[in-house]
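Here's the letter readout for the chains.
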Amino acid sequence: VTNRTARRIPTPGLVAATERAVKILSALGVWKRSPYSVLIIFVTDRESRMLNRQFLHKDRAANILSFDYGSFGELIISPAVILGEARRDRRSFSEAARRIIVHGLLHLAGIHHERSLRAQAQSEKLEEAVLRTLGRVGTRAPLKPHSIRP
């Protein structure tokens, strides 16, 4: 875990949750990457916005960006966006960060909710299953329909 922000990040808990989530996804038959390393990088809103603009052509900070490089992947996370989502959903920062890390891991595993309504439903179901197993049961606000590509 790398933190490029001034915000204090609960790194040990997030590393443990990430490792457990990978094991859960493996047991579910979703995670088929071994060996594979996942780098988690917390960035400023400015850096997140720049990367989101460069790679996804969206001019706003993203909660998470996932990059797969074959033998390893990166999860680029904006703590400011996560904190805003946590406040909106009445969750702790750690809960919101775990949720978004699981979401990013699903992307690295090849599950992309943007492709269809079916893929969105599969992604949400897997995300909730992993989070329940991690010990946090909770509903997620559904993904916005406009984020789905035809």
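Report on the accompanying structure. Bear in mind the structure is a predicted one, so any value in this text is a computation, not a measurement.

Below, the discussion takes up the pairing of strand E4 (residues 72–77). Most of E4 sits out of view: five of its six residues are buried. For strand E2 (residues 37–42) and E4, the ladder comprises six bridges, and the chain directions are parallel. Looking across to E4, one finds that Ile40 is bridged to Leu75. One ladder, built from five bridges, connects strand E3 (residues 64–68) with E4; its direction is antiparallel. In the sheet register, Leu65 faces E4, and the bridge partner there is Ile76. From the end of E3 to the start of E4, which pair antiparallel, there are three residues, and Gly70 there has a positive phi angle of about 95°.

All right, on to the packing of helix H1 (residues 11–27) against helix H4 (residues 93–108) then. How two helices pack is summed up by the angle between their axes together with the distance between the axes. Two numbers describe how H1 lies on H4: the axes approach to 10 Å, and their chain directions differ by 40°. Considered as vectors, H1 and H4 are oriented oblique to each other. When you trace H1 past H4, the crossing you get is right-handed. Together, Leu14, Ala17, Thr18, Ala21, Val22 and Leu25 of H1 and Ser94, Ala97, Arg98, Ile101, Val102, Leu105 and Leu106 of H4 make up the contact between the two elements.

Let us now look at the sheet that holds E3. The four strands are arranged E1-E2-E4-E3 in an open sheet whose pairing can be described as mixed. Pairing within the sheet leaves two strands with one partner each, and these edge strands are strand E1 (2–3) and E3. Each of E3 and E4 is contacted by helix H2 (residues 45–56), which is oriented at about 55° to E3, the strand it contacts most.

For the rest of this paragraph, the subject is the pairing of E2. Sheet analysis places E1 next to E2, joined by two bridges and oriented parallel. In the sheet register, Thr2 faces E2, and the bridge partner there is Ile41. Between E1 and its parallel partner E2, the chain crosses via H1, and the hand of that crossover is left-handed.

On to the pattern of salt bridges. Taken as a whole and assessed by the stated rule, the structure comprises six salt bridges. Residue Arg49 pairs with Asp59 through a salt bridge whose shortest N-O separation is 2.8 Å. Here Arg49 is found in helix H2, whereas its partner Asp59 is found in the loop between H2 and E3, with ten residues between them in sequence. By relative accessible area, which is 36% here, Arg49 ends up partly exposed.

Most often, soluble globular proteins have nonpolar side chains that are buried together. By size, the foremost hydrophobic cluster in this structure holds 31 residues, and its most contacted members are Ile77 and Leu105. Elements with a minimum of two residues in this core: H1, E2, E4, helix H3 (79–89), H4 and helix H5 (117–134). Those residues in contact with Ile77 that lie beyond four places of it in its chain are Ile40, Ile41, Phe42, Val43, Asn63, Ile64, Ile82, Ile100 and Ile101. With seven residues, the next largest nonpolar core counts Ile41, Leu51, Ala62 and Ile76 among its residues.

What counts and what doesn't
- Residues numbered from 1 in each chain as written.
- Predicted model: local features only at pLDDT ≥ 70, side-chain atom pairs only at ≥ 80, totals over all residues.
- Heavy atoms only, no water.
- Buried < 20%, exposed > 50% of the residue type's maximum accessible area, 1.4 Å probe, protein only.
- Helix = DSSP H or I, 4+ residues; strand = E, 2+ residues; numbered from the N terminus.
- Pairing = 2+ DSSP bridges.
- Axes fitted to C-alpha atoms, helices over the stretch in contact; angles between N-to-C directions.
- Parallel < 35°, antiparallel > 145°, perpendicular 65-115°, else oblique.
- Left-handed = near helix turned anticlockwise from the far one by under 90°.
- Contact = heavy atoms within 4.5 Å.
- Right-handed = clockwise from strand over helix to strand, strands pointing away.
- Salt bridge = Lys/Arg side-chain N within 4 Å of Asp/Glu carboxyl O.
- Core = buried A, V, L, I, M, F, W, Y, C linked by side-chain atoms within 4.5 Å.

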